[in-house]
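As a plain string of letters, each chain reads:
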Amino acid sequence: MKIHFLSDSIKSNSGFSNVCKNLAMGLKKLGHEVSISGFQTSFLEYYNGIPILPMATNLDEISQIQINIMKTNPNVVFYINDAYTDASKFLN
């Protein structure tokens, strides 16, 4: 299966970036064809053998996402993003 991951910042070591890269590596080990794109990836080409497609921040972000997805023609796209919420409403 061809799987493409979208993440906010692949080059940083944020929690969500690490989740994306670790999931991609695990699925590649299971024999899937995996690629990654995300913001702030202009200087990266590969991560442990997984191709990383650049996302130029000076272009329209939606257009660049569509271009990268069309390049890889995946069966599945995962978008891993940081979600902000107020956890206190769940604790009452």
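See the structure shown above.
Residues numbered from 1 in each chain as written. Predicted model: local features only at pLDDT ≥ 70, side-chain atom pairs only at ≥ 80, totals over all residues. Heavy atoms only, no water.

**Looking at the overall build of the chain**
Inclusion rule: Numbering of helices and strands runs from the N terminus; a helix is a DSSP stretch of H or I covering at least four residues, while a strand is a stretch of E covering at least two. Whether two residues touch is decided by their heavy atoms; if any such pair falls within 4.5 Å, the residues are in contact. We get accessible surface area from the Shrake-Rupley algorithm with a probe of 1.4 Å; when it comes to residues, only the shown protein chains can shield them.
Looking only at helices and strands, the chain features 3 helices and 5 strands. Seen in sequence order, the chain has helices and strands lined up from the N terminus as β-α-β-β-β-α-β-α. Long-range pairs, those at least 24 residues apart, make up 57% of the contacts in the chain between residues at least 6 apart in sequence. Entry remark: accessible area of the chain is about 6,000 Å², with carbon and sulfur atoms responsible for 57%.

**Quick notes on the nonpolar core**
Stated precisely, the cut-off is as follows: Remark: nonpolar core denotes a set of buried residues (Ala, Val, Leu, Ile, Met, Phe, Trp, Tyr, Cys) joined through side-chain atoms within 4.5 Å. Buried, partly exposed and exposed residues are distinguished by accessible area as a fraction of the type maximum, computed with a 1.4 Å probe on protein chains only: under 20%, between the cut-offs, and over 50%, respectively.
The biggest cluster of nonpolar side chains holds 11 residues, and these are Ile3, Phe5, Cys20, Ala24, Met25, Leu27, Val34, Ile36, Ile50, Ile52 and Ile80. Contributions of two or more residues to this core are made by strand 1 (2–7), helix 1 (15–29), strand 2 (33–38) and strand 4 (50–53). If you tally residues by element for this core, the top one is helix 1, at 4 residues. Apart from residues lying up to four places away in sequence, phenylalanine 5 is in contact with Cys20, Leu23, Ala24, Leu27, Val34, Ser35, Ile36, Ser37, Phe78 and Ile80.

**Things to note about the packing of aromatic side chains**
Note the following rule: When the centres of two rings from Phe, Tyr and Trp lie within 6.5 Å, Trp using its six-membered ring, the rings pair. Their planes under 30 degrees apart give stacked, over 60 give edge-to-face, and anything left gives tilted.
Going through the model one piece at a time under the given rule, you end up with 1 aromatic pair. Geometrically, the ring pair formed by phenylalanine 5 and phenylalanine 78 is stacked, given 5.3 Å between the ring centres and 20 degrees between the ring planes. One end of the pair, phenylalanine 5, is in strand 1; the other, phenylalanine 78, is in strand 5 (residues 76–80), and 73 residues separate them in sequence. When its relative accessible area of 1% is taken as the criterion, phenylalanine 5 is described as buried.

**Topic: the sheet that holds strand 1**
Strands pair in a sheet through their backbones, by hydrogen bonds, and they do so in one of two ways: parallel or antiparallel. In plain terms, the rule: Strand pairing follows a simple DSSP-based rule, namely that at least 2 bridges must link the two strands.
Within the open sheet, the 5 strands sit side by side as 3-4-2-1-5. Their pairing is mixed. Each edge of the sheet is formed by a strand with only one pairing partner; in this case those strands are strand 3 (46–47) and strand 5. Note that strand 1 and strand 5 share 5 bridges and pair parallel. Its bridge partner being in strand 5, leucine 6 is matched across the sheet by tyrosine 79.

**Things to note about the side chain of serine 35**
Note the cut-off: We call two N or O atoms a polar contact when they sit within 3.5 Å, provided that within protein one can donate a hydrogen and the other can accept it, with sequence-adjacent residues counted only if both atoms are side-chain atoms.
The topology assignment puts serine 35 in strand 2. Judged by its relative accessible area of 7%, serine 35 is buried. A polar side-chain atom of serine 35 sits 2.6 Å from a polar atom in the side chain of histidine 4. Those residues in contact with serine 35, other than ones at most four positions away along the chain, are Ile3, His4, Phe5, Ile50, Pro51 and Thr72.

**Section: the environment of asparagine 18**
Considering the arrangement of structural elements, one finds asparagine 18 in helix 1. Sequence-wise, asparagine 18 and serine 7 are 11 residues apart; in three dimensions their C-alpha atoms are separated by 9.7 Å.

In short, the description is geometric, and any link to function would need to be established separately.
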